[in-house]
Amino acid sequence: MISLQKVSRYYEAGERSVHALEEVSLQIGRHEFVAVVGPSGCGKSTLMHLIAGLDRPTAGEITVAGLSLTTADDAQLTDFRRRQLGLVFQFFNLLPTMNALENVSLPLLLQGVSLAESEARARELLGLVGLTNRATHFVHQLSGGEQQRTAIARALVHRPSLLIADEPTGNLDSASAERVLGLLHEIAQEKLATLILVTHSAEVAAAASRLIELRDGKVIRDEPSDPRAVG
Ligand code: ADP
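What you are looking at is a predicted structure, and each value in this text was computed from that prediction instead of being measured.

(A) Representation of the sheet that holds strand β10 (residues 218–224) within the structure. Taken together, six strands build an open sheet; the order of strands is β6-β7-β8-β3-β9-β10 and the sheet is mixed. Each edge of the open sheet carries a strand with a single partner, namely β6 (85–88) and β10. Direction aside, neighbouring strands of the sheet carry axes that sit 15° apart on average. Sheet topology places strand β3 (residues 33–37) next to strand β9 (residues 210–215); four bridges connect them, and they run parallel. Directly across from A35, in β9, lies its bridge partner L211.

Shown next, in the form of C-alpha cells:
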C-alpha cells in the first residue's frame, strides 16, 4: 500500500540545510493501523506531508496505492489526494457556516456527486461515528469530541484507502479522546482504510497495531504496538 525507499527531505534554511528526514525506508500494508511517534521536530509532519502527496522528497522513492508520488505530476497528485486520502487534524477544520451533514457531504459534492447521494452517504457516515442525531447541528453546537467525530466522518465519506490523522485527540477531554480512539480502532478493525496516526500520546499509540518512532529524521523503532504500554 505504502512504500518508502531511502526517502530524504532536506530544507534549505539560510546557510545550512535541515535534514528533516534521512533515508527513511518503510513498507505499510493495506489496512494496517500505524502510530508515528517521536519528539517535536523529529520529522513526523514532514513524513505525513510526503505520504499525503502534499510535498515531494529531496531524494528517494515513495509509492502509495500504486502511484509513484515522486514522479507524479501535480494533476495526478491532486487526483490521488481527492480519491485516496482522508485527513484528520487536531483542529477540526470544519466549516462553521455549515451543519454537520453539510460538512460531511462536502467532499462528495466537490467531486460532482449529486446532493441526494452525497447526503445519503454523509448520513451513513454520521451514523458510523455515532452522530445521527446531530446531523443538523452547526459546528458551534457540537462538543469538541463531536466535532472531531464529524471531521472523521468527513475524512472517510469518499471511501479513501488511506486515513492520516495528526494528533486526532490532541484537543479533547479524556472521555471524548477515548471515544475518538475507539472509533479509529473500529475503522481499523472494519478495514475501512489504512490508518496512520501521528501522536504524542502513549495511550493513542497503544491503540495502533504498529509503532514507528522517529528521532532526528530517522526511524529508530518499528515494532508491533504494545497495549500494555498505556500508563
Ligand atoms: P515534527 O512534526 O516531528 O515536529 P517536522 O517534520 O515538522 O517535525 O520537522 C522536522 C525538522 O524539519 C525540524 O527541524 C523542523 O524545524 C524542520 N522543518 C520543517 N518544515 C520546515 C520548513 N518548511 N523549512 C525549514 N525547516 C523545516
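(B) Seen up close, the nonpolar core. Counting 42 residues, the largest nonpolar core has L126, I152, L163 and L184 as the members making the most contacts within it. At the level of elements, β3, α3 (100–110), α4 (115–128), α5 (144–156), β7 (162–166), α6 (174–189), β8 (194–198) and α7 (202–207) are the ones that each hand at least two residues to this core. Top element by residues in this core is α6. It accounts for seven residues. Residues within four places of L126 in sequence aside, it is in contact with A100, L101, V104, L131, T132, A135 and A153. Counting residues in each nonpolar core, the second largest holds 28 residues, with I2, L4, M48 and A72 among its members.

(C) Local environment of the pattern of salt bridges. If you walk through the whole model with that rule in mind, you get ten salt bridges. D55 serves as the salt-bridge partner of R9, at 2.8 Å between the closest nitrogen and oxygen. Highlighted residues: R9 in strand β1 (residues 2–13) and D55 in the loop between α1 (44–51) and β4 (59–64), separated in sequence by 46 residues. A single burial state applies to R9 and to D55, both of which are buried. Of the charged contacts, one joins D222 and R210 as a salt bridge, the two residues approaching to 2.8 Å between their closest N and O atoms. On the criterion of sequence distance, the pair formed by D222 in strand β10 and R210 in strand β9 is long-range, its members being twelve residues apart.

(D) Expanded view of α6. Taking 1.5 Å as the rise per residue, α6 with 16 residues should run 22 Å; its terminal C-alpha atoms sit 22 Å apart, in good agreement. Within α6 the residues assigned to the buried category are S176, A177, V180, L181, L183, L184, I187 and A188. On an axial view of α6, the arc spanned by its buried residues comes to 160°, and they lie on one face. For α6, the exposed residues set more than 90 degrees away from the buried face come down to S174, A175, E178 and Q189. Looking at the buried positions of α6, the neighbouring elements they touch are β3, α4, α5, β7, β8 and α7. Of the residues flanking the start of α6, the one acting as N-cap is D173, its side-chain oxygen 3.1 Å from the backbone nitrogen of A175. Where α6 terminates, the next one or two residues include K191, which has phi positive at roughly 55°.

Scoring rules and cut-offs
- Sequence positions are assigned chain by chain, starting from 1 and proceeding in written order.
- Side-chain atom pairs in this predicted model are given and counted only at pLDDT of 80 or more, local residue features only at pLDDT of at least 70, and totals for whole chains, interfaces and linings cover all residues.
- For side-chain calculations, the full set of non-hydrogen atoms in the structure is used, while hydrogens and water are omitted.
- Strand pairing is assigned whenever DSSP detects at least two bridges linking the two strands.
- In this text, helices come from DSSP runs of H or I with a minimum length of four residues, and strands from runs of E with a minimum of two, each type numbered from the N-terminal end.
- Only C-alpha atoms enter the line fits that serve as axes; for helices the fit covers just the stretch in contact. Angles between N-to-C directions range over 0 to 180 degrees.
- Residues enter a nonpolar core if they are buried and are Ala, Val, Leu, Ile, Met, Phe, Trp, Tyr or Cys, with the set joined through side-chain atoms within 4.5 Å.
- Burial status follows relative accessibility: with a 1.4 Å probe on protein chains alone, a residue under 20% of its type maximum counts as buried, one over 50% as exposed, and anything between as partly exposed.
- Residue contacts are counted whenever heavy atoms from the two residues lie within 4.5 Å of one another.
- Salt bridges are identified by distance alone: a Lys or Arg side-chain nitrogen within 4 Å of an Asp or Glu carboxyl oxygen.
- Here the expected length of a helix is defined as 1.5 Å per residue gap, with one fewer gap than residues.
- The arc in question is the one spanned by the directions pointing from the helix axis to the C-beta atoms.
- Nitrogen and oxygen atoms within 3.5 Å of one another constitute a polar contact, given that in protein one can donate a hydrogen and the other can accept it, and given that sequence-neighbouring residues count only through two side-chain atoms.

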